[in-house]
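Per-entry structural report
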Amino acid sequence: MLPWTALGLALSLRLALARSGAERGPPASAPQGDLLFLLDSSASVSHYEFSRVREFVGQLVAPMPLGPGALRASLVHVSSQPYTEFPFGQHSSGEAVQDAIRTAAQRMGDTNTGLALAYAKEQLFAEAAGARPGVPKVLVWVTDGGSSDPMGPPMQELKDMGVTVFIVSTGRGNLLELSAAASAPAEKHLHFVDVDDLHIIVQELRGSILDEMQKQQLRASEVTSSSFRLAWPPLLTTDSGYYVLELVPRAGLGPPRRQQLPGNATDWTWAGLDPDTDYDVALVPESNVHLVSPQHLRVRTRPAEPPPSALPAPPAPEEAGPARIVISHARPRSLRVSWAPALGAPAALGYHVQFGPLRGGAAQRVDVPAGRNSTTLQGLAPGTAYLVTVTAAFRSGRESALSAKACTPDGPRPRAPRPPPPAAPARGP
């Protein structure tokens, strides 16, 4: 009995220490993972656009916990051939990464995105190339929307190996193609934004990236009013130890609940809980090989759900027009209009693009079929301000529109006529 008593006392002491740590609040643990930035560095991007993208990436990584044992960053250029600005592990601090981003030079050349994706898979994300096993891998692709080679198959291969793909398009890409390329759900992993407005999405995108990196920690999901599911990375094996889970109501309205699990377990669901209640969770890995630190989490159950009869009928999805219009490729007599449909809205049957001079003049209309989100307006006047309206038509017969102002640049100045050459002097007889 004495050995079992000693084991029980040791376990109780370990759990007490874990609980006291939970009462002080979950300890801050730096997320781990590999973060690759894939930048369109080809000649299709102007030097001004590339400088704004470079500034955006620097802002994105500024407060991230970069360094050994935390996040590692890498930057690869999309050009005729992929070019690594710096690989994972080269820079061990956030300041060094920002300096390297700040001095990155545009490569020019073709937009061979597919070639760069295949390169990233083989030379950066593969364990054979030195990638860290068992850590999250995230790709952030910043693009003007085009590619000179097929990028679907290599992008799918990256996602198949567990890489989470975020895409930032400066507004000229095909919405359907980019939605398929980004990780699901597309509304979380795909951003359409003008190059001058990239700062708007910095905080949201950074939070989404860090959420992906935190998936290697103890986390909760499927939270209801009476249960939630816990998941954690494989810290032990069946032969190297076991786990002890402890659940404590935050308000002290009940005794702790404990559960012992084998070393190959990576999830557990707590049921029979009280609604609208905070619970402190401690995961204690009991390893017989080396010390593994406990992990802590606080989870709040949802409020009690009303009976089905009291639930209102779900509203029908709103038929909304385009959420944003982007004007690009402005020329003296043409410009390109792109738009992104509103998230969650039903698919439109098609679009009407109407445009006319702001200071009066006949309006023109271009019909765009469903599935396309851009068109080029031709036959414009140089140095003129236009009002462009994109209207989405829906099956119900309803239409919803969004307008934007667009200006064409001045055309080349007409050259003054050259004076005729002086007449040759008349020759005598």
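Quick caveat, the model's predicted, so the values are computed rather than measured.

1. Side note on the sheet that holds strand β7 (residues 219-221)
- Ordered in space as β7-β8-β11, the 3 strands form an open sheet in which the pairing is antiparallel. Because the sheet does not close on itself, it has two edges, and the strands there are β7 and β11 (267-270). On average, adjacent strands in this sheet sit at an angle of 30 degrees to one another, irrespective of strand direction.
- Relative to β11, strand β8 (residues 228-231) runs antiparallel, the two being bridged by 4 bridges. Its bridge partner being in β11, F228 is matched across the sheet by W270.

2. Some details on the pattern of salt bridges
- Under the definition given, this model contains 12 salt bridges.
- With a shortest N-O distance of 2.8 Å, R324 and D197 are connected by a salt bridge. Of the two residues, R324 is situated in strand β14 (residues 322-331) and D197 in the loop between β6 (190-192) and α8 (202-213); the sequence distance between them amounts to 127 residues.
- Given a relative accessible area of 28%, R324 falls into the partly exposed group.
- Among the salt bridges present, the one from R258 reaches E246, with a minimum N-O distance of 3.4 Å. Within this pair, whereas R258 is found in strand β10 (residues 257-262), its partner E246 is found in strand β9 (residues 241-249), the two being separated by 12 residues in sequence.

3. Considerations on the pairing of β8
- Relative to β8, β7 runs antiparallel, the two sharing 3 bridges. When the bridges of β8 are listed, S221 appears paired with R229.
- Hairpin connection from β7 to β8: 6 residues lie between these consecutive antiparallel strands, with E222 at a positive phi of about 50 degrees.

4. Considering the environment of R52
- Looking at the secondary structure, you find R52 in helix α2 (residues 47-61).
- You can call R52 partly exposed: its relative accessible area is 23%.
- A C-alpha to C-alpha distance of 9.4 Å links R52 and D197, two positions 145 residues apart in sequence.
- Look past the residues within four positions of R52 in its chain and what remains in contact with it is V195, D196 and L198.

5. Quick word on the sheet that holds strand β1 (residues 33-40)
- One open sheet holds the 6 strands; their spatial order is β3-β2-β1-β4-β5-β6, and the pairing between them is mixed. Whereas interior strands pair on both sides, the edge strands pair on one side only; in this sheet they are β3 (83-86) and β6. Sheet twist, expressed as the average angle between the axes of neighbouring strands with direction ignored, equals 20 degrees.
- The pairing of strand β2 (residues 71-78) with β3 spans 3 bridges and is antiparallel. Looking at the pairing, V76 lines up with T84 of β3.
- Across the sheet, helix α5 (residues 152-160) lies against β4 (137-143) and β5 (163-169), angled at about 135 degrees from β5, the strand it touches most.
- Contacting β1, β2, β4, β5 and β6, α8 runs over the sheet at an angle of about 175 degrees to β5.

6. Here we look at the nonpolar core
- Core analysis: the largest hydrophobic core is formed by 30 residues, its most contacted members being L35, F37, F56, V140, V168, L205 and I209.
- Broken down by secondary-structure element, the contributors of at least two residues to this core are β1, α2, β2, α3 (94-102), β4, β5 and α8.
- Tallying contributions element by element places α2 first for this core, with 5 residues.
- Apart from residues no more than four positions distant in its own chain, I209 is found in contact with L35, L60, M64, V138, V140 and F166.
- Residues L36, L139, W141 and L178 belong to the second largest nonpolar core, which totals 25 residues.

7. Notes on the side chain of K137
- Tracing the backbone through its elements, the reader meets K137 in strand β4.
- It turns out K137 is buried and unbridged, and the closest side chain with the opposite charge, D34, is 4.9 Å from it.
- Once residues lying within four places of it in the same chain are set aside, the contact partners of K137 are D34, F125, A131, R132, G162, V163 and T164.

8. Comments concerning the environment of S41
- Mapped onto the elements, S41 comes out in the loop between β1 and α2.
- With a relative accessible area of 0%, S41 lands in the buried category.
- Separated by 42 residues in the primary sequence, S41 and Y83 have C-alpha atoms spaced 9.5 Å apart.
- Looking at S41, its side chain comes within polar contact range of the main-chain nitrogen of R107, at 2.7 Å.

9. Things to note about the side chain of R206
- By the secondary structure assignment, R206 is in helix α8.
- Here R206 is buried and forms no salt bridge, its nearest opposite-charge partner E204 lying at an N-O distance of 11 Å.
- In this structure R206 touches Q59, L60, P63 and M64, once residues within four positions along its chain are discounted.

How each quantity is defined
- Residues numbered from 1 in each chain as written.
- Predicted model: local features only at pLDDT ≥ 70, side-chain atom pairs only at ≥ 80, totals over all residues.
- Heavy atoms only, no water.
- Pairing = 2+ DSSP bridges.
- Helix = DSSP H or I, 4+ residues; strand = E, 2+ residues; numbered from the N terminus.
- Axes fitted to C-alpha atoms, helices over the stretch in contact; angles between N-to-C directions.
- Salt bridge = Lys/Arg side-chain N within 4 Å of Asp/Glu carboxyl O.
- Buried < 20%, exposed > 50% of the residue type's maximum accessible area, 1.4 Å probe, protein only.
- Contact = heavy atoms within 4.5 Å.
- Core = buried A, V, L, I, M, F, W, Y, C linked by side-chain atoms within 4.5 Å.
- Lys, Arg positive; Asp, Glu negative; His and termini not counted.
- Polar contact = N/O pair within 3.5 Å; in protein donor to acceptor, adjacent residues only side chain to side chain.

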